[in-house]
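# Coordinate inspection notes
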Amino acid sequence: MSTTAPATPRSVSVSGLVKRYGDTTALSGLDLDVSGGEILGIVGPNGAGKSTFVKILAGDEVATSGEIHVNGQDWRRGVDADRIAVVHQEPQLFPNLTVAENLVVGREISTFGWGKLRDLDKKVLSDTGLLPYMNRTLGDLSISLQQRTEIARALVRSADVFLFDEPNSALTEDESEQLFAYMHSLADAGSVVILVTHRLAELVRHADRAVVIIDGRCRRELSGADLTAETLARELVVRSSDETADESVRERRDAGEMPSLLSVSELSHQQDKFRSVSFELHRGEVVALVGVEGSGAREIVRAVSGLEHLRPTGGMTWAADSSADSNRTVAFVTADRSDSLFGNLSVGENLVIRSGDDIKSRFGLVRSKEVRRLAQQAREEFAVKTASLDTPIRSLSGGNQQKVAIASVLRLFPAVAALEEPTRGVDVSSKREIYSLLRQYCDGGGCALLFCTEDSEVFDVADRVLVAARGQIVTELNCADFDSAEGLAEATASLMGGSATPAAAD
Amino acid sequence: MSTLAIVGMGLTAILIVGEIDLSFASLYGLSAMMLAVSWLKWGWPLWAGFLLCIVVAVLTGLFNAFFTAVVKIPSFIATLGSSTLIFGFTLLVSRAQRFSTSSPPAGEVVRKGEISFFRQISNLHLPFNIPMQVVWMIVVALIAWLILGKSLFGFRLKAIGGNPAAARFARLPVTKYKFLAFIMGAVCAALAAVFDFSFIGSVQPDGGQVLLFPIFAAVVIGGASLSGGRGSVSGTLLGALLLAVIANGLALNAAGAFAQQMFLGVVTIAAVVLDQVTRSWRKS
């Protein structure tokens, strides 16, 4: 596809890439080498640093330290921006311009109008099959055509490196195939191709080599016969066992003693993110829904919290004896702290913000003494480390912020607490504290439903694991049946790997 | 000053919840005009005219909130539209006429008692020559302080404006509170209009138009954030006081009267810059 033969062999080499946002470290010394003609796959759990890596290569973020070399030369952000092209999940172009205009914008030949297409532009347009669409407004075209325009735009700028960031999550099967065909032809022409995706099966099919990024660095590299969906899934879930190895195995409760609380039957997502999902939640247990992005696990947890649009079939039924349970509520906490906390409020205010009648006087005024008392009580009960209740929430550490987010929910004792990745981006000691807080809440008769992407975590906190893949719950595992996090991870990995016909294990 | 402060109280509520209102100036004109027309021209009793004026304000608040919180049009556009709509309606109702309590339209008999009572609302003689308008301002500010500063409504309003996504996840009544904030804003504008009508003794259709910017300036100088989540009754009161004092000072010399507009612009930008600087300083 490329028009000029590369003068030097193309390559990308990244060494010691570090990126910190305040207290949190997104990348902690990432090393990576890719040469032209090769397709490198990158996988990693949420928050592992994949998207930060993509943003740095795209020039959207500046690395704290580390080096990037393209074709053996130092890559300078801004100056060399055209040499690395990113194909986004949602194309980042000008939807109000035509395809042809999108190709030349920023490189206009004259000050008036946008001049003519060069021969190269026309050749690229016909190579990418965009010629019939060149005068159409980009925003009117399908995502796949928009992505192709993104590729074409990079080609006319003679980019050397193509970074595909979750490129086909919004595409149909046919469109994906076409996109991957282009991806291969780019690699065949000698370009460096990097594919970031959650879809393990696709990655195995298209990549020559894959790296697993965990905690901001490359944990494992796989190629050849080692590169299978199962091994990747295992790498993803059996993570950092050193973090949890010294934790004593908890006492497991007998599943039979726990009374049923909420039964979910035949729930289907309106956009088919999951279909006909049924399961049961019991009092006093922590249930983890495990699945990679796109498996439907996240959406199922949100659906139980009433945040997704569902098909009218199926539904949720509360147990008859649950009528007194805080109005049968399901409280929800997102994984993203910027959406679970109020940055303009203090620690104390964040702790009580979900309160209503309990802090209201007869005339609708807030009983400020009661607020302080409740906030202080929650602060002690949930071991929130803060200078005072009036401290701005943002000045707390990530772990303590997360504790505030969870405490604000658990202190009201909802019937079910639905938490998304409750320990994402949280340090080890806060993780343990959060687990024990959840355990306390469940011992009091509550039920926690978690969405998790990591299995070691699941073993530490959950009683039961529901594994989701391809919009369905493929199996249910009892944590008590396993001796170690690794054992549980092994069992779920093969199921999460996305085999076409998930067999129900027992 | 009292006009700035009273209308500003309502705008503060709307800014706290993270919305914006450009229609209060037109509404100020319309609500006074509804009272004048129904009372002086149609011969309604004063109380009915006042009721109509408040009903019109509540309807305007509902209108703004509906397009903002339900249809989800940016409030800037929705209230810009309603502002023009309201102004046009004011011209239609009043036939672009001015109304005065001292010379009601010919052929209508307005009870003398009502007129003198209405004048007293803002012109009553108090000991120490305290202007009645200041009394009304304090009353409205007190109520607004209870609502925004002390009530559960005010507490949640701040949270909703600070992080709408988190508010939805926490199941706070986002839509309902936006409606209430817009209604509060509209009612404050209507009250200010009635007090001013009583004080001046006449209304004209474009009465409120010049207020748009000064009120925004007062509220923003008072520390309310245009991106939501911040603002207070005491701040708005201080902002209004500052603007009134300096405007008064400038009005006392001839050149100052013309420089007033420029001054208003400068102070507002300075206030926002100061806010931005202190916030980024606090962050680091």
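Description of the structure in this document. What you see is a predicted model; the values in this text were computed from it and never measured.

### So, the overall build of chain A
Check the secondary structure of chain A and you find 15 helices and 19 strands. Here the analysis covers contacts within chain A between residues at least 6 apart in sequence; of these, 69% occur between residues at least 24 apart. Taken as a whole, chain A presents about 21,400 Å² of accessible surface, with 48% of it coming from carbon and sulfur.

### Brief notes about the packing of helix α2 (residues 24-41) of chain B against helix α4 (residues 75-94) of chain B
Residue and element names in this part refer to chain B. Two elements in contact, α2 and α4, have axes separated by 9 Å at closest approach and are oriented at 25°. Relative to α4, α2 is oriented roughly parallel. Judged by the sense of rotation from one axis to the other, the crossing of α2 with α4 is left-handed. Residues Ser26, Leu27, Gly29, Leu30, Met33, Met34 and Val37 of α2 form the contact with α4, whose own contacting residues are Ser83, Ile86, Phe87, Phe89, Thr90, Val93 and Ser94.

### A closer look at the interface of chain A and chain B
Every contact between the two is made by 25 residues of chain A and, on the other side, 18 residues of chain B. For the chain A and chain B pair, buried surface summed over both sides reaches about 1,800 Å², with 63% attributable to carbon and sulfur atoms. For the pair chain A and chain B, the interface holds one salt bridge. Put simply, glutamate 349 of chain A and lysine 158 of chain B hold a salt bridge, and the shortest N to O gap is 3.7 Å. Between chain A and chain B we count nine residue pairs in polar contact (both at pLDDT 80 or more) in total. Those elements that place two or more of their residues in the side of chain A that touches chain B are β15 (330-333) and α10 (347-352) of chain A. Sorting elements by how many residues they give to the side of chain A that touches chain B places β15 of chain A first, with three residues. Grouping the constituent residues of the side of chain A that touches chain B by class yields 12 nonpolar, eight polar and five charged.

### Points about unusual backbone geometry
Residues and elements named next belong to chain A. The phi torsion at glutamate 421 lies on the positive side, around 35°, for a residue other than glycine. Turning to its location among the elements, glutamate 421 is positioned in the loop between β16 (416-420) and α13 (428-443). For arginine 470, which is not a glycine, the phi torsion comes out positive at approximately 50°. Relative to the elements of secondary structure, arginine 470 occurs in the loop between β18 (464-469) and β19 (472-478).

### Description of the sheet that holds β16 of chain A
Residues and elements named next belong to chain A. As summarised here, the arrangement of the six strands in space is β15-β16-β17-β13-β18-β19, forming an open sheet in which the pairing is mixed. Each edge of the sheet is formed by a strand with only one pairing partner; in this case those strands are β15 and β19. The average undirected angle you get between the axes of adjacent strands in this sheet is 20°. Pairing of strand β13 (residues 286-290) with β18, which is carried by four bridges, proceeds in the parallel orientation. When the sheet's bridge partners are listed, valine 290 is paired in β18 with valine 467.

### Observations regarding the pairing of strand β9 (residues 209-214) of chain A
Residues and elements named next belong to chain A. With six of six residues buried, β9 lies mostly within the body of the structure. Residue alternation in β9 divides its side chains into two sets, Arg209, Val211 and Ile213 and Ala210, Val212 and Ile214, and both sets are buried. Here strand β3 (residues 39-43) pairs with β9 via four bridges, running parallel. In the strand pairing of β9, valine 43 is matched with valine 212. Summarising the sheet, β9 and strand β10 (residues 217-223) pair through six bridges and their orientation is antiparallel. What sits directly across from valine 211, in β10, is glutamate 221. Between β9 and β10, which pair antiparallel and follow one another directly, the connecting turn spans two residues, one of which, aspartate 215, has a positive phi of 50°.

### With respect to the nonpolar core
Counting 136 residues, the largest nonpolar core has Leu157 and Leu243 of chain B as the members making the most contacts within it. Apart from the residues within four sequence positions on either side, leucine 157 of chain B is in contact with Ala13, Ile16, Val17, Leu148, Tyr177 and Ala181 of chain B. Leu138, Ala154, Ala159 and Leu186 of chain A belong to the second-largest nonpolar core, a separate cluster that totals 45 residues.

What counts, and where the lines are drawn
- Residues numbered from 1 in each chain as written.
- Chains lettered and ligands numbered in written order.
- Predicted model: local features only at pLDDT ≥ 70, side-chain atom pairs only at ≥ 80, totals over all residues.
- Heavy atoms only, no water.
- Helix = DSSP H or I, 4+ residues; strand = E, 2+ residues; numbered from the N terminus.
- Contact = heavy atoms within 4.5 Å.
- Areas by Shrake-Rupley, 256 points an atom, 1.4 Å probe, with all protein chains shown as cover.
- Axes fitted to C-alpha atoms, helices over the stretch in contact; angles between N-to-C directions.
- Parallel < 35°, antiparallel > 145°, perpendicular 65-115°, else oblique.
- Left-handed = near helix turned anticlockwise from the far one by under 90°.
- Buried area = accessible area lost by both parts, 1.4 Å probe.
- Salt bridge = Lys/Arg side-chain N within 4 Å of Asp/Glu carboxyl O.
- Polar contact = N/O pair within 3.5 Å; in protein donor to acceptor, adjacent residues only side chain to side chain.
- Nonpolar A, V, L, I, M, F, W, Y, C, P; charged D, E, K, R; others polar.
- Pairing = 2+ DSSP bridges.
- Buried < 20%, exposed > 50% of the residue type's maximum accessible area, 1.4 Å probe, protein only.
- Core = buried A, V, L, I, M, F, W, Y, C linked by side-chain atoms within 4.5 Å.

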